[in-house]
Amino acid sequence: MPRTVFATALCALLIGPAALAAAVDAERAAEPAPGDWPAHGRSYAEQRHSPLDAVNRDTVERLGLAWSFELPTRRGQEATPIVVDGVLYVTGSWSMVFALDAATGALKWQYDPGVPRRTGSKACCDAVNRGVAVWQGQVFVGTLDGRLVALDAADGSVNWSQQTVPTDQAYTITGAPRVVKDRVIIGNGGGEYGVRGYVSAYDVATGDLAWRFHTVPGNPDAGFESDAMARAANTWSGEWWRLGGGGTVWDSMAYDPELDLLYVGVGNGSPWQREMRSPGGGDNLFLSSIVALRPDTGAYVWHYQTTPADTWDYTATQHMILADLEIEGRTRKVIMQAPKNGFFYVLDRETGAFISAEPFVNVTWASHVDPETGRPVEAEPVYVDGQPVPTAPSPLGAHNWMPMAWNPDAGLVYIPAMDAPFTHASAAADPDLDDPLWRTGTDFAAAATPLFIAPAVEEALAETLVSAHLLAWDPVAQKAAWRVQHAHPWNGGVLSTAGGLVFQGDATGHFSAYDANSGRLMWQRPANTGVVAAPMTYAIDGRQFVAVLAGWGGSMALNGGRLNDTVKGGANGRLLVYALDEAGEPPPGVVMAEMPQPPRNTALDDDIRAGFGHYARSCSVCHGMNVAGGGVIPDLRYLSREKHAIFDRIVYDGVLTEAGMPGFSHRLTPEQVEQIRAYVIYEANREWRRRDDSGWWRAVKNTASRATAWALLQLQ
Ligand code: CA
C-alpha cells in the first residue's frame, strides 16, 4: 500500500467515523450499498426493497429475535429505522429519537424534544412519528409541536432547531423529513383542524428556510406566494381561506435525481365537506394531489389530482414509489401510489401524465378513472332519500400511511389494504366550523353504530364494517396477484427483499414473512403488541438483520372503537430485530385491566340519545366510536368513580388540558357534558353486562385468530 493511501486510510480509521457519523450523501441516498438503509424508503425512489437475500424462502424458518429495545412510551409507533455505518436511528412516539448499535441494540444516545403533552389534542392520529433523516453527520427529526431539529449524529446534541409552523394553529408534524441537495424537506399535518398546507425546505447546515411551497391558495387580497397559487385559486370559490383549506403534506415524498424532481403527496380538504369549503364548486387544487417540485427552489413543475374536489378525506399523502416499468413495449419512468380513495395509480413521473388507474378494493364513490382525461367519474351523490349512506373507502382509507413496497423481480407492489365504508353526513349546524381544533364539518354520529339496537344486529353490523388484507398488485396489468386476509384492520407497513419475502406486522401482534410470489405464510413470530410500522432490513459485517418497530396506535387505534375490541394495545413500544439462528423473546404484552363496575345507569333514554350525538361529534375521534377504546387513549368505559365525580371539570373546564385532554366549554354546555356522561355510563353498563354473562365472547368470537389474539393478551 503506498504510504499516502495508507496514511489516509489510517487517518479515516482514527478520526473518520468519529468525525462524521451517518455520512449519507446524494450518492448513498440514491444508490444505497446493499447492507444500508440510509433513507426513509431505503433510497430516494422509496421502493422499500432490499437486495439482501441471506434471509430467504429456504432460511427464513431459522429467523429469530436477535435483540429488542423497549421504548419508554405506549403510544403508537410508526417509524421506519435508518441504518448507516453500523448505527440504527429510530423515533418513538412524542418525537423521541434513539441511536442504537445496529448489531447489538446497545443505546448510543437518545434525544427527547420535550413535546408538551397538551399538543396531543392538536394531533388527529396519535402522538406518532415516522422517523428521521440522516445526512452528513446530522440527524433530522420533525416534532409533534412543529419543530424541525438537527442533531449531531455522533452524540445527539442539538445543532439547530426551527419552529416550522404557527404555534397558534393546530399544525403538527408526524412525517419523516427527507434531505435533497443539502436541504431538509418537511411538511406538516392538521387537515382535520382547519390549517393551510405547505411544505418547507431548510438548509442542512444553518437551519435557514430555503423555500416554502403552499399547497392551497390563501386569501387573494393578501397576494399569492407563487404563480402556482394564483392558478390554483381559480379552482376555489367562496372564502375558503377562512377555513384553512387543508392540503397538508403530512407524509410521503420521493425524489428522482436524474429528473431533479421532488414529489410530495398532498392531503384532504379542510373541512371535509366540499360545499362548506368551496360552495361554488371547483377542483380545489392542490388537494389530494401528487405535486412535482424543483428541490432547489420549490417551484411547481406538474401535478396530478387523484380526487378533484375531495369531500371524503381522500388524501394523496400515501407512499409513492418510483420505478421503471415495461408498459406496452416501452420503458416508462413511473410514480405509483395507492391513495386513500381506493384506486392504484401509475403516472409518468417526468410529466405527470396519466398512464392507468384501477380500484384495488371495493370503491363506491367513483365508477372508474376516465383514461382519456385521467379524472375519476364520480358515482351518484351519497344520499338516498335525503339520508347519507355508507361510502367506500372510508376516511381511514383503502390504504393509509403504512408504507407499501415494490419487488422489481416479482413485478409486484405489496399494499397494506383496507376495505371499509363510512357514512359521510354534513354537520352544517354543528359548532365544528368555529372550533379551533376539530373542524371537519362532518357529523360523526351518522357513522357510529346506532343506539338501542338488538345485540345480534349490532354484531352483524360489526362484521361488515372493515376488512383488511395484504395485497400483491401487478401495476402493469393493474390487477391483484394475491391477497392475505387479516383478522383485523389497521396492519403494518411492508418490506420486500431479494430473498423472495414480504415482511409485515399486524394488528393482532404478529410479525410475519410471506412468499413474494404466492403470499404463502413462511414465518411468524409474536410481537406481543399490535404492529403498524413498516419493517426494514440491513447487514452488519455481512450478517442480515430484519427490524420492525412494534407498538399499537395511530388513528384507527383512537377512533376505531369496537373494531379494536380484539387488539387492546397498552404495551410499551419495542424495536424487534431478527437474524438467522437466534431465538430471543420479545418484551411481554399487557394484561387487560379488570373493568370496574360502572355507576348505575339511571338516565332517561332521551338524555342517553343526546349524549350519544354529542359524544360522536366531540369525543369519538380520540376516545373511539361508541365509547370503546383502542388501548392508546383512556377507554371511558373503564372510568373510575373518582373521574366520574369530576367529569364536568375534565370535559367542560379542561383541568387535564396539560395532559392532552382539552376542555370543551367552547362547543358543549354543562348539560350536554352531563348527557355525554350518561351515555358513557350506558355503554359501560352494556359492556359490564356483556362480560358478566359471557356474551362478551360472542361479541368478539369471529375468527379463530381473533380469539387467539385476545387470549394471548389475556394470558400475558
Ligand atoms: Ca385527513
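Residues numbered from 1 in each chain as written. Predicted model: local features only at pLDDT ≥ 70, side-chain atom pairs only at ≥ 80, totals over all residues. Heavy atoms only, no water.

### Quick word on the overall build of the chain
Point 1. Helix and strand content of the chain: 13 helices and 41 strands.
Point 2. Against the compact-globule benchmark of 27 Å for 716 residues, the chain has a radius of gyration of 25 Å, which places it among compact chains.
Point 3. The C-alpha extent of the chain, read off along each of the three principal axes, is 90 × 60 × 50 Å.
Point 4. Here the chain holds 716 residues, and 62% of them are scored as buried. (Helix = DSSP H or I, 4+ residues; strand = E, 2+ residues; numbered from the N terminus. Rg over C-alpha atoms; globule rule 2.2 N^0.38 Å. Buried < 20%, exposed > 50% of the residue type's maximum accessible area, 1.4 Å probe, protein only.)

### What about the sheet that holds strand E5 (residues 97–101)?
Point 1. The antiparallel open sheet is built from 4 strands, whose spatial order is E3-E4-E5-E6. At either margin of the open sheet sits one strand with a lone partner, and together these are strand E3 (82–84) and strand E6 (107–111). This sheet shows a mean twist of 15 degrees between the axes of neighbouring strands, independent of strand direction. (Pairing = 2+ DSSP bridges. Axes fitted to C-alpha atoms, helices over the stretch in contact; angles between N-to-C directions.)

### So, the packing of aromatic side chains
Point 1. Summed over all chains, the structure comprises 34 aromatic pairs.
Point 2. The interplanar angle of 85 degrees and the centroid separation of 5.6 Å between the aromatic rings of phenylalanine 511 and tryptophan 523 together place this pair among those described as edge-to-face. Here phenylalanine 511, found in strand E37 (residues 510–515), pairs with tryptophan 523, found in strand E38 (residues 521–526); they are 12 residues apart in sequence, far enough to count as distant.
Point 3. With relative accessibility at 3%, the residue tryptophan 523 sits in the buried group.
Point 4. Summarising the aromatic geometry, the rings of phenylalanine 612 and tyrosine 679 are spaced 5.6 Å apart at their centres and angled 85 degrees between planes, so their arrangement reads as edge-to-face. Of this pair, phenylalanine 612 sits in helix H7 (residues 605–618) while tyrosine 679 sits in helix H11 (residues 670–692); the two residues are 67 residues apart in sequence, bridging distant segments of the chain. Of the two residues, phenylalanine 612 and tyrosine 679, neither departs from the other in class, the shared state being buried.
Point 5. What links up through ring pairs into an aromatic cluster is the set Tyr304, Trp312, Tyr314, Phe343, Tyr345, Phe354 and Trp365.
Point 6. In this structure, arginine 117 is placed above the aromatic ring of tryptophan 94, and the distance from its NZ or CZ to the ring centre is 4.3 Å. (Phe/Tyr/Trp six-rings, centres within 6.5 Å; stacked < 30°, edge-to-face > 60°. Lys NZ or Arg CZ within 6 Å of the ring centre and 35° of its normal.)

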